[in-house]
Amino acid sequence: IKGIILGFYYPNNTFLFIPSDKFNDFFNSRLQLLDLNPYFTKAVFASMYFPLGNMVMYPFSLLPKFPSFVLFITISIFYFIYITASNLISCSRNIFMKNVFIFSLLTYPFLFTIDRANIEIILFFFLYLFIFFFQNKKFMFSVIFLAIAIAMKGFPIVLLFLLLSQKKFKDTICFPCSNNNILQRGVSLFTLVKLFFIQTNAISSINIAQFLSIYSKLVIFSTLLLGYYVIFIEKEMWKKVMILVGVMLLFPQVSADYKLIHLFIPLFIFINSTE
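Now for a quick tour of the structure.

What counts, and at which threshold
- Residues numbered from 1 in each chain as written.
- Predicted model: local features only at pLDDT ≥ 70, side-chain atom pairs only at ≥ 80, totals over all residues.
- Heavy atoms only, no water.
- Helix = DSSP H or I, 4+ residues; strand = E, 2+ residues; numbered from the N terminus.
- Buried < 20%, exposed > 50% of the residue type's maximum accessible area, 1.4 Å probe, protein only.
- Contact = heavy atoms within 4.5 Å.
- Salt bridge = Lys/Arg side-chain N within 4 Å of Asp/Glu carboxyl O.
- Axes fitted to C-alpha atoms, helices over the stretch in contact; angles between N-to-C directions.
- Parallel < 35°, antiparallel > 145°, perpendicular 65-115°, else oblique.
- Left-handed = near helix turned anticlockwise from the far one by under 90°.

Right, let's get into the environment of Lys240. Locating Lys240 in the fold gives a position in helix α12 (residues 237–250). The class of Lys240 is buried, set by a relative accessible area of 5%. Spatially, the C-alpha atom of Lys240 lies 20 Å from that of Ser188, the residues being 52 residues apart in sequence. Each residue touching Lys240, except ones within four places of it in the same chain, is listed here: Leu162, Ser165, Gln166, Val230, Glu234 and Lys235.

Spelled out as structure tokens, the structure:
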């Protein structure tokens, strides 16, 4: 109504990102890889992904622009629908298709991730495979997919606590701001606290670098506490995964909206849990 009928502009015309910038996470990643020099490219800003993240995106840079985008979106949508359907299979037939449609295509995390065409959807697939093999007690396979996820973006490293909670110590060790007022939209606690500083006009008196140092120490301490809880106290799988996914989402300094896609992993475990 605001955007189409009343003609309002961003952010009143969408709950997603700036419409003129749609899908550009994919197109920018593709441009970064065209000269095989993603960290020093002149075509666009430098890549912020770990090397394996760029390697995962590299095959898409070998195709022309539009076909590569269609391939990426097709893989993302259909694989996500397949995962959703396989986790809702216990629903009665008359609501199965409706639930799959709603879960797959009408949720904010999915819509935002597709709107950005972000690599986070591929990371989600690897993390889902990690959990899938973990639950089926095929720990070496699960470790491989977790290692890939960690090598792509780093923050999934907190899921190592899940392996430790099953006493899989051997498997676990198989692999090794300049402006105070800048805000990154997303779900990070750091952004929330910084927003509070701005709204209360305290930001000018805050040394953000020093605050980030304190924040990082608190995050490490909190992560270790939650890791201890996951390993030694909590028994239900969906709760363990939810805690660790919460750490992945909330604790990093920057945590964009598309990371919410990972909430589907504990959600699917919860839906299919017998407890």
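Another point: the pattern of salt bridges. A complete count under the given rule lists four salt bridges for this structure. Between Lys153 and Glu120 there is a salt bridge whose closest N-O contact spans 2.5 Å. Here the residue Lys153 occupies a position in helix α7 (residues 139–153), and Glu120 occupies one in helix α6 (residues 120–135), the gap between them amounting to 33 residues. Shared partners join several salt bridges into a network, and the residues in it are Asp21, Asp25 and Arg116.

Before going further, it helps to spend a moment on the packing of helix α1 (residues 24–33) against helix α3 (residues 65–87). Where α1 meets α3, the closest approach of the two axes is 11 Å, and the angle between their N-to-C directions is 125°. Judged by the angle between their axes, α1 and α3 are oblique. Crossing geometry of α1 relative to α3 is assigned as right-handed. Of the residues in α3, those in contact with Phe26, Phe27 and Arg30 of α1 are Lys65, Ser68, Phe69 and Phe72.

This paragraph deals with α1. The element α1 is largely enclosed, with a buried count of eight among its ten residues. Next to the buried residues of α1 lie α2 (51–61), α3 and α5 (108–116).

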